[in-house]
Amino acid sequence: MTRRIVVLGGGFAGVSAAQELVKQLRRRRRLVGARGAKADEAYEVVLLNRDNYFVFQPLLADIISGTIETTHVVVPLRRMLPGGTVEVGYLDSVDVTRREVGLRRRWSGDVATISYDALIIALGSVTDLAAVPGMAEHGVGVRTLGDAFYLRNRALDMLEEARIETDPARRERLLTFVVVGGGSTGVEVAAELKDLLELAARSFRDVELRPRVVLVHSRPMVLSELGPRLGRYTTRKLRNAGIELRLGRRVRRVEVDRVELDDHSSINSATVVSTVGNAPNPVLAGIPAARDGRGWLAPDATFSLPGAPDVWAIGDCASIIDPNTDRPMPATAQHAVREGPHAARNVLAALEGQAQTPFDYRQLGMLVSVGRFKAVGDILGIKVSGLLGWLLWRSYYLLRLPTLDRRIRVAIDWTLDLLLARDIVEISVRRTRSTPGEAPGEIPGEPVSIGARPEASDELTL
Ligand SMILES: Cc1cc2nc3c(=O)[nH]c(=O)nc-3n(C[C@H](O)[C@H](O)[C@H](O)COP(=O)(O)OP(=O)(O)OC[C@H]3O[C@@H](n4cnc5c(N)ncnc54)[C@H](O)[C@@H]3O)c2cc1C
């Protein structure tokens, strides 16, 4: 009988786990075949994901600035997993007693039940915008491809709105972008947003537009995880690039047209981007398994999940204790791609009654882009910055991008960006009306002026 190993989540952890399972099973089949025995077809690997593509999140900020084409940071899952089965849909439920998961198809809404013999949970985390009052209503997250695409379009849209706004206060509000969080994502997003806005503003010849990007961070220095020297360096580079920093401050409330900080000061802004607020994926809430104090799944050192037989948890959705520090391992792609293959080998060992091995990995370093030609980083304890850091950052991520196809496309995008003027086209998702009885025309699509006119409804002025 074929045993089914189901992997939930087609991100860094899930894809690397599924690829390793396929590789191990292929190797075994070759060995069995070489001995002249019947091929071992005892396992099936099923990868389940919301979309039919994998998102390379470390390059999402490049979509905002337009240095990379939107589809070049995503990779078709079927091309990444030729020896496995890919199922696309929303995971609705996980029943560890019946050993089955419910997958809702995106188009029909039908729910398919998929049973498993072993389950690897790699569903990542979600952004909880509700942690700050008003953020869920008025803020923008940066986690998905849609978020990056939306933010880019919104930034360009705000410039268009500002151009025709005659009230100076409203114009300033439209041109002010607040980024919350001074970790690596916040720094990269602020830098790329500033790049885009400055470049695009120069194309408005009839009016002078002065976009502002303000970065709010709760600590006294951005990127404090890289140490004081690089933290100070990054702070200086961001300031030189014209990014305003509000350090040692927290956002208390977000309204349609302003952001209030914990020192009672406020920033008038129509666009607030949140890069903080990681939270456990709600679909995992019902699983009766071990959790840490903050509600994250808490597997043991082999990634086995106590309380849920034949279930393993890896990547951002799991709180995995680092044996060297006794603290949870960082939620990074760097860890996720190492946890995936390790979990795959442990799953096969467990299914065959062999011992599983504990995971141990020390972070090699970190590289963060701080805008055009500048990056900072720490590689095996060696600090790098400036142009060298930037070249290392680009080379590293180019090499880590899955598939040769995507590496070539991104390399071409980056080269063209050095030679040609950057694209500042705002892509509207307006569609032709197709509902019978409705007046012919177009479906408007996205809000265009939230925050522009607070006295009007918060709904869109179209
Ligand atoms: C903007 C940004 C920049 C980053 N930069 C870096 C960096 O430079 N270096 C670094 O090491 N890390 C970086 N990270 C962190 C890194 O991307 C994550 O740590 C990594 O993606 C974790 O991998 P994962 O597989 O656990 O989760 P993900 O990669 O998030 O994968 C989870 C998968 O589960 C799927 N999923 C979730 N819920 C459902 C559902 N209900 N049904 C079906 N499918 C579902 C999602 O679609 C997704 O494909 C960055 C993150 C962001 C957001």
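Residues numbered from 1 in each chain as written. Predicted model: local features only at pLDDT ≥ 70, side-chain atom pairs only at ≥ 80, totals over all residues. Heavy atoms only, no water.

A. Quick look at the pattern of salt bridges. Under the defined criterion, the tally for this structure stands at 26 salt bridges. A salt bridge links Glu-87 to Arg-105, with the shortest nitrogen-to-oxygen separation between them at 3.0 Å. Of this pair, Glu-87 sits in strand E5 (residues 85-88) while Arg-105 sits in the loop between strand E7 (100-104) and strand E8 (111-115), and the two are 18 residues apart along the sequence. Among the ionic pairs, Glu-198 bridges to Lys-194, the shortest N-O distance being 3.2 Å. With a gap of four residues between them, Glu-198 and Lys-194 both fall in helix H7 (residues 184-201), about one helical turn apart. By relative accessible area, which is 34% here, Glu-198 ends up partly exposed. Each member of the salt-bridge network shares a partner with another, and the members are Arg-252, Glu-255, Arg-258 and Glu-260. (Salt bridge = Lys/Arg side-chain N within 4 Å of Asp/Glu carboxyl O. Helix = DSSP H or I, 4+ residues; strand = E, 2+ residues; numbered from the N terminus. Buried < 20%, exposed > 50% of the residue type's maximum accessible area, 1.4 Å probe, protein only.)

B. A look at the site of the ligand. Taken together, 26 residues lie around the ligand, and Ala-13, Gln-57, Leu-91, Asp-316 and Tyr-397 are the ones closest in. Measuring from an oxygen atom of the ligand, one finds a side-chain N or O atom of Arg-50 at 3.0 Å. Between the ligand and Tyr-397, the relevant distance is 2.7 Å, taken from an oxygen atom to a side-chain nitrogen or oxygen of the residue. Coverage of the ligand by the protein chains reaches 89% of its 990 Å² of free accessible surface. Looking at the shell around the ligand, the elements that each hand over two or more residues are helix H1 (12-34), strand E6 (90-95) and helix H9 (333-351). A per-class count over the shell around the ligand returns twelve nonpolar, twelve polar and two charged. (Near = heavy atom within 4 Å. Polar contact = N/O pair within 3.5 Å; in protein donor to acceptor, adjacent residues only side chain to side chain. Areas by Shrake-Rupley, 256 points an atom, 1.4 Å probe, with all protein chains shown as cover. Nonpolar A, V, L, I, M, F, W, Y, C, P; charged D, E, K, R; others polar.)

C. Just the nonpolar core, in detail. If you look at the biggest cluster of nonpolar residues, it comprises 120 residues, and the most contacted ones within it are Leu-8, Leu-59, Val-101, Leu-119 and Ile-121. Taken domain by domain, this core gets at least three of its residues from each of domain 1 (3-50 + 89-127 + 279-351) and domain 2 (129-276). Contacts of Leu-8, omitting those with residues within four sequence positions, involve Leu-48, Leu-91, Val-94, Val-101, Leu-119, Ile-120, Ile-121, Ala-122 and Leu-123. Core analysis: the next-biggest nonpolar cluster, separate from the first, contains 13 residues, Met-135, Val-180, Val-216 and Leu-261 among them. (Core = buried A, V, L, I, M, F, W, Y, C linked by side-chain atoms within 4.5 Å. Domains from an automatic or database assignment. Contact = heavy atoms within 4.5 Å.)

D. A look at the pairing of strand E21 (residues 365-369). Counting buried positions along E21 yields five of five residues, so the element is predominantly enclosed. Residues of E21 alternate between two faces, with Gly-365, Leu-367 and Ser-369 on one and Met-366 and Val-368 on the opposite face, all of them buried. Here five bridges tie E21 to strand E22 (residues 375-379), and the two strands are oriented antiparallel to one another. Note that in E22 the partner of Ser-369 across the bridge is Ala-375. (Pairing = 2+ DSSP bridges.)

Function cannot be read off these values alone, since they describe shape.
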